[in-house]
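Structural overview for review
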Amino acid sequence: MVGTESATVDEQLHEHFTRTIERDQRVEPRDWMPSGYRRTLVRQIAQHAHSEIIGMQPEGNWITRAPSLRRKAILLAKVQDEAGHGLYLYSAAETLGVDRAELTDKLLTQKQKYSSIFNYPTLTFADIGVIGWLVDGAAIVNQVPLCRCSYGPYGRAMVRICKEESFHQRQGYELLMTMMNGTRRQREMVQDATDRWWWPSLMMFGPPDGDSPNTRQSMEWGIKRHTNDELRQKFVDMTVPQAEALGVRLPDSGLVYNPERGHYDFSEPDWDEFRRVLEGNGPCNAQRIERRREAHRDGAWVREAAAAHAAKQQRRGRAAV
Amino acid sequence: MTDSTDRNPEPGQVRTPDTAWPLFEVFVRGKRGLNHVHVGSLHAPDERMALHNARNLYTRRNEGVSIWVVRAEHITASSPDEKDPFFAPSGDKVYRHPTFYELPDDVPHI
Ligand SMILES: [Fe+2]
Ligand SMILES: [Fe+2]
């Protein structure tokens, strides 16, 4: 008897959850949710947060070498934003009942992944412009639909993030325009950086739809709103005219407008390379993780000192009462 | 720091007592005349640092004129679920809403 009773309660909860999703309402932290929904969200939000945190490195690498005070101030602000994005997302993940230290630990011990894009090196200052233009550009295409994610805290974090991303993309594009109006050598640097970042940027949308088994479930749950290939197409369509305005060539001979589809056709990215980088064998994987561990270790004394100070203040406060 | 084993600690060795920093919920007043609104959370060792961190994290672009931080453990919440009977008393009182009252279209300013 007890068994059937609890089964109906379970069914009711499940039905309420499904109705919330169907009506395009938001699921909030204290609501009942299927364990698969919670697991998927924790994995996705954590992976997203880790990407923002690791994503500071390729650009942070150029802060001390920025060619002017103006560019340095901009780059500092941008990298600081990325740290903020990571923290918004960790905060959203914590509403699902996971612990911040546990997530940090999973990044440092490589039990959770981050976006493959940040495992490529930034070789020249033109890379800073191209990252803003292409990498933040692709992030925007990925993130705008996530603002309507069925899980409230994730959607709200994405709204904050998207507001800031537009600055990221525009400063990058402006940097590239400046270089394209410079010397022949500078224009070559922009072209070279574009050649190197184009394919990894396309890979940011994840594997092709046929190879993305979780997409359907995520779409049913309202976590995802578009498939990987749809978003990739959208990014290509948006970027081609921007490349033309800039005067750079996108490195794909198969890139051509298809009037029947009303979209640009483009070649298949090298998915073997994508898998290699995801599995840890990209050009900078080891360096990125090692740098992150080092920073975490170097900051340990600050965290401990602050906690000790807070404890002391509290004891004093209590003594005063 | 040349010892490579020191630079690559095993899982578990990397852990530091972050958990000792409590969780704070952050509320921001966007501008004068508006209520404080919940914007997210953060970890900090104490209230003062929580305010500092909240300023750096949630108001980098003048998003606020005032910030409240409160330890998450000090918040008492209504119920696990919004459909809960806790909100039922207001659910069936439609007469509390202006749209409940039908008035002729030609009455101005009401
Ligand atoms: Fe970001
Ligand atoms: Fe960004």
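Residues numbered from 1 in each chain as written. Chains lettered and ligands numbered in written order. Predicted model: local features only at pLDDT ≥ 70, side-chain atom pairs only at ≥ 80, totals over all residues. Heavy atoms only, no water.

Okay, the overall build of chain A next. Looking only at helices and strands, chain A has 13 helices and 2 strands in total. If you line up chain A on its principal axes, its C-alpha atoms span 75 × 60 × 35 Å. Residues classed as buried in chain A amount to 52% of the 321 residues present. Partitioning the contacts of chain A with sequence separation of at least 6, the portion at a separation of at least 24 is 77%. Counting every atom, chain A has about 15600 Å² of accessible surface; 54% of that belongs to carbon and sulfur. Charge separation in chain A, taken as the distance between the mean sites of 44 positive and 43 negative side-chain charges, equals 8 Å. (Helix = DSSP H or I, 4+ residues; strand = E, 2+ residues; numbered from the N terminus. Buried < 20%, exposed > 50% of the residue type's maximum accessible area, 1.4 Å probe, protein only. Contact = heavy atoms within 4.5 Å. Areas by Shrake-Rupley, 256 points an atom, 1.4 Å probe, with all protein chains shown as cover. Lys, Arg positive; Asp, Glu negative; His and termini not counted. Charge placed at Lys NZ, Arg CZ, Asp CG, Glu CD.)

Now for the overall build of chain B. In terms of regular secondary structure, chain B is built from 3 helices and 3 strands. Across chain B, helices and strands are ordered from the amino to the carboxyl terminus as α-β-β-α-β-α. Long-range contacts, defined as pairs at least 24 residues apart, comprise 42% of the intrachain contacts of chain B with a sequence gap of at least 6. Element-wise, carbon and sulfur atoms account for 54% of the exposed surface of chain B, whose accessible area totals about 8200 Å².

Turning our eyes to something else, we now look at the coordination of the iron ion (ligand 1). Residues and elements named next belong to chain A. Bound to the iron ion (ligand 1) are the protein donor atoms Glu52 (OE), Glu82 (OE), His85 (ND1) and Glu165 (OE), situated 2.1 to 2.6 Å from the metal. Classification of the site at the iron ion (ligand 1) as irregular follows from its 4 donor atoms and the range of 82 to 150 degrees in their angles at the metal. For the iron ion (ligand 1), the donor residues sit on a single chain with the sequence spacing E-x29-E-x2-H-x79-E. The metal-metal distance between the iron ion (ligand 1) and the iron ion (ligand 2) is 3.3 Å, with glutamate 82 coordinating both. With glutamate 52 in helix α2 (residues 35-54) and glutamate 165 in helix α7 (residues 152-180), this residue pair connects regions lying 113 residues apart in the sequence. A single burial state applies to glutamate 52 and to glutamate 165, both of which are buried. (Donors = N, O, S within 2.8 Å, 3.2 Å for Na, K, Ca; no water. Tetrahedral: all angles 85-135°; square planar, octahedral: opposite > 155°, others 65-115°.)

Take the packing of aromatic side chains next. Both the distance between ring centres and the angle between the ring planes are used here to describe each pair of aromatic rings. Residue and element names in this part refer to chain A. Inspection of the entire model under this criterion finds 11 aromatic pairs over all chains. Taken together through their ring pairs, the aromatic side chains of Phe17, Trp32, Tyr37 and Trp221 make up a single cluster. Above the plane of the ring of tryptophan 62 lies arginine 65, whose end atom (NZ or CZ) is 3.8 Å from the centre. Arginine 160 extends its terminal NZ or CZ atom over the ring of tyrosine 88, reaching a point 5.3 Å from the ring centre. (Phe/Tyr/Trp six-rings, centres within 6.5 Å; stacked < 30°, edge-to-face > 60°. Lys NZ or Arg CZ within 6 Å of the ring centre and 35° of its normal.)

Looking now at the coordination of the iron ion (ligand 2). Residues and elements named next belong to chain A. Coordination of the iron ion (ligand 2) by the protein involves Glu82 (OE), Asp136 (OD), Glu165 (OE) and His168 (ND1), with metal-donor separations of 2.0 to 2.2 Å. Relative to the metal, the 4 donor atoms surrounding the iron ion (ligand 2) lie at angles of 84 to 170 degrees, and the coordination shape comes out irregular. Mapped onto the sequence, the residues coordinating the iron ion (ligand 2) show the spacing E-x53-D-x28-E-x2-H. For aspartate 136, a relative accessible area of 4% corresponds to the buried category. What makes histidine 168 buried here is its relative accessible area of 0%.

It is worth spelling out the environment of proline 283 of chain A at this point. All names here are of chain A. With respect to the helices and strands, the residue proline 283 is situated in the loop between α11 (271-281) and α12 (285-298). With a relative accessible area of 56%, proline 283 lands in the exposed category. Placed 274 residues apart in sequence, proline 283 and valine 9 show a C-alpha to C-alpha distance of 52 Å. Ignoring sequence-local partners within four residues, the contact set of proline 283 consists of Asn119, Tyr120 and Pro121.

Here the focus is the pairing of strand β3 (residues 66-71) of chain B. Residue and element names in this part refer to chain B. On β3, burial follows the alternation: Ile67, Val69 and Arg71 on one face are buried, whereas Ser66, Trp68 and Val70 on the facing-out side are not. One ladder, built from 6 bridges, connects strand β1 (residues 23-29) with β3; its direction is antiparallel. Bridge pairing in β3 places arginine 29 opposite serine 66. (Pairing = 2+ DSSP bridges.)

On to the sheet that holds strand β2 (residues 36-43) of chain B. Residues and elements named next belong to chain B. The 3 strands lie next to each other as β2-β1-β3, forming an open sheet whose pairing is antiparallel. Sheet topology places β2 and β3 at the edges, where each strand pairs with a single neighbour. The sheet shows a mean angle of 25 degrees between the axes of neighbouring strands, direction not considered. (Axes fitted to C-alpha atoms, helices over the stretch in contact; angles between N-to-C directions.)

It is worth spelling out the pairing of β1 of chain B at this point. Residue and element names in this part refer to chain B. With respect to burial, β1 is a largely interior element, 5 of its 7 residues being buried. Bridge count between β1 and β2: 7 bridges; the pairing is antiparallel. Within β2, the residue paired with glutamate 25 across the bridge is serine 41. A loop of 6 residues connects β1 with β2, the two strands running antiparallel in sequence, and glycine 33 in this loop sits at a positive phi of about 100 degrees.

Below, the discussion takes up the nonpolar core. By size, the foremost hydrophobic cluster in this structure holds 89 residues, and its most contacted members are Tyr37, Leu41, Trp133, Tyr151, Tyr154 and Trp197 of chain A together with Leu42 of chain B. At 10 residues, the largest contribution of residues to this core is made by helix α6 (residues 126-143) of chain A. In this structure leucine 41 of chain A touches Ala46, Leu96, Cys149, Tyr151, Tyr154 and Ile223 of chain A, once residues within four positions along its chain are discounted. (Core = buried A, V, L, I, M, F, W, Y, C linked by side-chain atoms within 4.5 Å.)

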